Amino acid sequence: MVFNFVKDLLASSLGMRLGRDKWLRPVILHLTVTNRCNLKCVMCNIWKSRPKEEVGSAALARIKNSPLSKHLRILDITGGEPFLSDLIRVIDQLGGKNFRIVLITTNGLLTDKIVETAREMLKRYSFTLVINVSIDGLGEIHDRIRGGEGTFRRAEQTLQRLLSLERDFPRLRPTVKFTILPDNHRQLLSVYRWARGLGATFTVKPGAEFGFLDNVGGNYDFSPEQTREILEQLDEMVRAEQKSSAGLDFWGRIYKTANVIFHRELMRYLRETFIEKKLCVIGRCYSSSISILLHNDGKIYNCPTLMKPIGDLYKQSLEEIWWGKEMSDNRRFIASGRCACYSQCDQMPALAIDHKLELFKGLLFG
């Protein structure tokens, strides 16, 4: 299983470099399972979207029944708020036994449902389950950004209960996911220390315009002074994270090592973008080359940022879309480097592939 995963990643990496689409294998499935949400966050307008949709069984079946599905090893579920959906049903309909890592990002409000769903997943499947609980500041700062009084307290309760569940299921990785914004940038290190003090993993990404969030026009730029403050905090965080991976399984070490690489390169991206004021393309983007993005409308899109529809699983097979001309043309555009962003969707695995030696060292020695 591990050998096939590594083989598919390396074959896809080589296929990208040589322009051989037939060598490309989808190893990651990004799924925006619903556009329903129970918050009104300042950096996201999904809650405004109409009509409200859940990804349909027919689209999920097209994934499961495709010959390409045997390559899928990582499932990344977002929303809206994913736990407003029946995630057990969704994973079952996708053929859940094939996945090695499942990542779910949540606002943490539905504490009982989140914990019980996680417990059922861990009993039913053998994958490593990463549950990202979004925390964008401590106390009132988080409440203001997330648009609801008491949301920090409820998300904290969810995180603590997940950490308790981790004792029974070591394959669970409760994680705090922090979005850096001009309004909360000084909170980064405080939230990191708070999360690590609880025993949770921590990851951070910059706020930005993303097509699937429908948030064009927000304030996501940092001044040079703000950027330097962020870099100081990230540097301290990365140095702390570059410690042993003792106790982690193979997939846990993959995630931890990729996370360190991602945050270190994030520092370069922020420095070049907001201090040096230049377009910063961090390595190759692997969107649509190692990944599939299935949206709640049943369509396949090229990436969460650009959100260009490539095909429709209610009307086409996955093979028609993956090997089609529109997907091929999209790959050429992405490979040209004419777009630049910094997101965990495909940036983290792409950086891990581009830093193969560091990744292997992290897997072998922690």
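From a predicted model like this one, the values you see are computed outputs, not experimental measurements. (Residues numbered from 1 in each chain as written. Predicted model: local features only at pLDDT ≥ 70, side-chain atom pairs only at ≥ 80, totals over all residues. Heavy atoms only, no water.)

Moving on: the overall build of the protein. Within the protein one finds 13 helices and nine strands. For the protein, buried positions account for 59% of its 366 residues. A sequence separation of at least 24 residues applies to 77% of the contacts in the protein between residues at least 6 apart. For the protein, the computed accessible surface area is about 15,200 Å², with 52% contributed by carbon and sulfur atoms. (Helix = DSSP H or I, 4+ residues; strand = E, 2+ residues; numbered from the N terminus. Buried < 20%, exposed > 50% of the residue type's maximum accessible area, 1.4 Å probe, protein only. Contact = heavy atoms within 4.5 Å. Areas by Shrake-Rupley, 256 points an atom, 1.4 Å probe, with all protein chains shown as cover.)

Take Glu53: it is sitting in the loop between strand E1 (28-32) and helix H2 (57-64). Each C-alpha atom, one on Glu53 and one on His295, is 9.7 Å from the other, the two residues being 242 residues apart in sequence. Glu53 has contacts with Val33, Thr34, Asn35, Asn296 and Asp297, leaving out every residue within four places of it along the chain. Within the local environment of Glu53, its side chain forms a polar contact with the side chain of Asn296, the two groups lying 3.3 Å apart. (Polar contact = N/O pair within 3.5 Å; in protein donor to acceptor, adjacent residues only side chain to side chain.)

A contiguous nonpolar patch, built from Leu14, Leu18 and Trp23 and spanning about 280 Å² of accessible area, is present on the exposed surface. By the secondary structure assignment, Leu14 is in helix H1 (residues 2-18). (Patch = residues over 30% accessible without salt bridge, like charges linked within 9 Å, V, L, I, M, F, W, Y side chains within 5 Å. Salt bridge = Lys/Arg side-chain N within 4 Å of Asp/Glu carboxyl O.)

What follows concerns the environment of Gly252. Locating Gly252 in the fold gives a position in helix H9 (residues 250-275). With relative accessibility at 4%, the residue Gly252 sits in the buried group. It is 9.2 Å that separates the C-alpha atoms of Gly252 and Val130, two residues lying 122 residues apart in sequence.

This part takes up helix H4 (residues 111-124). Over its 14 residues, H4 runs 20 Å from end to end, which matches the ideal 20 Å to within 8%, given 1.5 Å per residue. Three or more residues of H4 are buried, namely Thr111, Ile114, Val115, Thr117, Ala118, Met121 and Leu122. Down the axis of H4, the smallest arc covering the buried residues is 165°, so these residues share one side. Pointing more than 90 degrees away from the buried face of H4 are the exposed residues Asp112 and Lys123. Against helix H3 (87-94), strand E3 (101-106), strand E4 (128-134), helix H6 (151-168) and strand E5 (172-180) lie the buried residues of H4. (Expected span 1.5 Å × (residues − 1). Arc of directions from axis to C-beta.)

In this structure, the amide linkage connecting Gly79 to the following residue, Gly80, adopts the cis form with an omega of 20°. Of note, Gly80 is situated in the loop between strand E2 (74-78) and H3. The backbone of Ser288 shows a phi angle near 70°, a positive value even though the residue is not glycine. Residues other than glycine seldom take positive phi values, yet Met307 does so here, at roughly 50°.

This next bit is on the nonpolar core. Core analysis: the largest hydrophobic core is formed by 88 residues, its most contacted members being Leu129, Phe202 and Leu294. Broken down by element, the residue count for this core peaks at eight residues, all from H9. Sequence-distant contacts of Leu294, defined by excluding residues within four places in its chain, comprise Leu29, His30, Leu31, Thr32, Val55, Ala59, Leu60, Ile63, Lys299, Ile300 and Leu313. Counting residues in each nonpolar core, the second largest holds ten residues, with Cys41, Met43, Cys44 and Leu181 among its members. (Core = buried A, V, L, I, M, F, W, Y, C linked by side-chain atoms within 4.5 Å.)

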